Structure formats: structure tokens, C-alpha cells
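Reading the structure
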Amino acid sequence: MQINIAGTGDKRTLTVLDGAEVLLEADGLKLKDAQDLARKGLREGWDTLKAKK
Amino acid sequence: MSMTRFPNGLSTAASKFPMGAYTHPDPTDEHGYFNDYNAYASTDWTITVVGTSTPALVAGDGGILGITTSATSGDSSFLQKTIASFSFETGKPAWFAARFKVSTLATTMVIGLQVIDTTPLDVTDGIYFLSTTATGAVTGICRKNASTGSTSVACGTLVADTYTELAWYWDGKDTVNFYQDKVQTGSVTGVAASYLPDTTCTVSFGVQTDSANARTMSVDYVHTVKSRR
């Protein structure tokens, strides 16, 4: 699994990949928010996050 | 140098047990993970990257995994073996050793067993090494539930672009000993009641640049074992 946080400042883009499958994409995030969101996915599952979007 | 030979075998099992006549030490005595980085599969890992980074094998004797950050201060690359499979228990010792180097100091580096998390520099649970200063000073950390259950000790020093082995040993009773290059450099006690991680952990390591320059962590090997006895 690859958790990528690109960009700078409060305009980070979070992309979570499982191989070629995109599990989650979100942008316009602060670094901490991107880390927190990905942590939530790790703990609760990516499908849960998608369902809440 | 003479060699000691055991042509009839060498066992760790009592003769009455199923493995009693097996001619090697019972491999199920411990649960372990070892990677010398002659091979690497990114799909075995949860890789958390700030900026850009693609960990990959690099040429060099011994098998080496190279992890290079991008060049914005705070950029990082962390690897955590999927799925977490090491829990800590009293009565069951555990060991960890890793040989690695960082290209330059003024680098934040972490290596050890940790819970899978997006911020390995500050996880809730684990027994691991952390270096955050330009001096290369290394801290050994034993942590349960973050700051409320964390104990640490200074236990080594990194030198830029120089391989070193950091290791720890949980004695299964109450103490974690920390080592650098086979020499004990620190110890924390009172672990069992307050600090022993209570969440399943995994092999974890990575690097963060603390300046606008890329940093590289080169990992020669990682070895961790937990007793089943």
C-alpha cells in the first residue's frame, strides 16, 4: 500500500494506492489532516472512508 | 579455525516432543522476520511518503534498500511491513537488530517495531530507535499509548554516511536493553507494567529531511524475533 502526500502548505493532495487501485484521493489538506485521514483509513478501512464522503 | 560438527543433529526440542528427533533447532521456537535486502517487494509494505519517494534496491555489497526523500524540508518516506504481526508479552523475549546508514545528519530517522501509522516519528506504540538532531544522537524508545506510557534512553550516535547496527532486546520480564554495534548503550526498566506496547507492531523504518535537501537511508538488513516459549 502506498500513501502519498504531495504538495505543500495547506494544499496537500492525499492519494492512497493498493497496487494500481486508488483507495482514496483527497486534496486541499494540511499535512496533519492528510496524515489523520490516512490514519483513519488504516484503522477503519478505506471503504468506510469512501462511504462517508 | 576449527569447526564444531554435529553430524547426528542438534535439537532444541525434548525427545518426547514431535520435533524431538528433528535434526535442527525447532524453527517454531520463535516467530521472526529477516530481510537482507537481496530482494524487496513494495507490496509487502505500507509506504507513507510526504513529497515523492520510491524505495528500491540499490547496488552494493550485502543487499541494500535505498530510501531517498524529495528535497523539501519535512519530506519523508517511511516503510512499515504489512501486516503487523509482532505483539509484546511478558514471559516472551523479543529481539530486533538493523544495520543501516543515513547520508547526512540533520536528518530525522526511525527504525524498530511500531504500530502501523502515518506518522512513524511519533507513534502510539512500539520499541524503536529515533534520531532527530544534527548531532546524530539516537534515543531508544519503549512506548505504550504515546506520551502517557513512554520511556526512553540515549543509546547511540549516528555518523553521516557510515553503517551502524542498532539493536534491542526485550528480556520478557521488565527490561529493554539497547545496543549499538554489539555494545550495550542503554537500558530502560519498569517496562512490563507501564510501557510495554499493547498494540500489534511491525518492522518500521524511514527518514525525513530536515532541510531543503534530499536525504537517503540505506538499510542493509533488518532482523526481529519473538520467542514463542
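Residue positions within a chain follow its written sequence, with the count starting from 1. By the order in which they are written, chains take letters starting at A while ligands take numbers starting at 1. Confidence filtering applies because this is a predicted model: local features only for residues at pLDDT of at least 70, side-chain atom pairs given and counted only at 80 or more, and all residues used for totals across whole chains, interfaces and linings. Just so you know, side-chain values use all the structure's heavy atoms and leave hydrogens and water out.

1. Regarding the interface of chain B and chain A
Heads up, the rule is: Here, residues are in contact when the closest pair of their heavy atoms is within 4.5 Å. The buried area of a pairing is the accessible area, by a 1.4 Å probe, that goes missing from both parts when the two are put together, added over both. In the sections that follow, a salt bridge refers to a side-chain nitrogen of Lys or Arg positioned within 4 Å of a carboxyl oxygen of Asp or Glu.
Taken together, the contact between chain B and chain A spans 12 residues of the former and 12 residues of the latter. Approximately 1,100 Å² of surface area, both sides summed, lies buried where chain B meets chain A, with 47% of it carried by carbon and sulfur atoms. The three residues of chain B that bury the most area against chain A are I47, V50 and T118 of chain B, which together make up 38% of that side's buried surface. Taken together, the connections running from chain B to chain A amount to two salt bridges. Across the pair R43 of chain A and D117 of chain B runs a salt bridge whose closest N-O atoms are separated by 2.8 Å.

2. Regarding the environment of V102 of chain B
Residue and element names in this part refer to chain B. Note the threshold: Runs of H or I in DSSP of at least four residues are treated as helices and runs of E of at least two as strands, each being numbered from the N terminus. Burial here depends on accessible area, computed with a 1.4 Å probe over protein chains only, as a share of the maximum for the residue type. Under 20% is buried, over 50% is exposed, and the range in between is partly exposed.
You can see V102 is positioned in strand β6 (residues 94-102). When its relative accessible area of 3% is taken as the criterion, V102 is described as buried. Sequence separation between V102 and I127 is 25 residues; the distance between their C-alpha atoms is 20 Å. With near-sequence residues (within four places) excluded, V102 lies in contact with T107, M109, L158, V159, A160, D161, T162, T216 and M217.

3. Some words on the pairing of strand β11 (residues 164-170) of chain B
Residue and element names in this part refer to chain B. To keep it simple, the criterion reads: When DSSP finds two or more bridges between two strands, those strands count as paired.
Burial runs high along β11: six of the seven residues are buried. The sheet contact formed by β6 and β11 spans seven bridges and is antiparallel. Each bridged residue has a counterpart across the sheet, and for A97 the counterpart in β11 is A167. Note that β11 and strand β12 (residues 175-180) share five bridges and pair antiparallel. Across the sheet, residue L166 finds its bridge partner in β12, namely Q180. Hairpin geometry of β11 and β12 is characterised by an intervening segment of four residues between the two adjacent antiparallel strands and by a positive phi of about 80 degrees at G172.

4. Focus on the packing of aromatic side chains
Residue and element names in this part refer to chain B. Rules: Any two of the Phe, Tyr and Trp rings considered here, Trp counted by its six-membered ring, make a pair once their centres fall within 6.5 Å; the pair's planes then place it as stacked at under 30 degrees, edge-to-face at over 60, or tilted in between.
Enumeration according to the criterion identifies eight aromatic pairs over all chains in this entry. Both rings, one in F34 and one in Y221, keep their centres 6.4 Å apart while their planes meet at 40 degrees; by these two values the pair is tilted. Highlighted residues: F34 in strand β1 (residues 30-35) and Y221 in strand β15 (residues 216-227), separated in sequence by 187 residues. The class of F34 is partly exposed, set by a relative accessible area of 48%. Using a relative accessible area of 19% as the deciding quantity, one classes Y221 as buried. Here the aromatic cluster, defined as three or more aromatic residues joined through ring pairs, consists of Y33, Y37, W45 and F205.

5. Observations concerning the nonpolar core
Quick note on the threshold: Buried Ala, Val, Leu, Ile, Met, Phe, Trp, Tyr and Cys residues that are joined via side-chain atoms within 4.5 Å together make up what is termed a nonpolar core.
Of all hydrophobic cores here, the largest spans 41 residues; its most connected members are W168, F205 and M217 of chain B. Looking at which element gives the most residues to this core, the answer is β6 of chain B, with five residues. The residues touching W168 of chain B, leaving out its near neighbours within four places in the chain, are F88, A94, W95, F96, L113, I127, Y128, F129, V176, N177, F178 and Y179 of chain B. In terms of nonpolar packing, the next biggest core, distinct from the first, is built from 13 residues, I5, L14 and L49 of chain A together with V50 of chain B among them.

6. Structural notes on unusual backbone geometry
All names here are of chain B. Cis rather than trans, the peptide bond between T82 and I83 has omega equal to 5 degrees. One can find I83 in the loop between β5 (76-81) and β6. Phi at Y37 is positive, roughly 60 degrees, even though this residue is not glycine. Relative to the helices and strands, Y37 is located in the loop between β1 and β2 (45-50). Here the phi dihedral of D161 falls at roughly 55 degrees; this positive angle occurs in a residue that is not glycine. With respect to the helices and strands, the residue D161 is situated in the loop between β10 (150-157) and β11.

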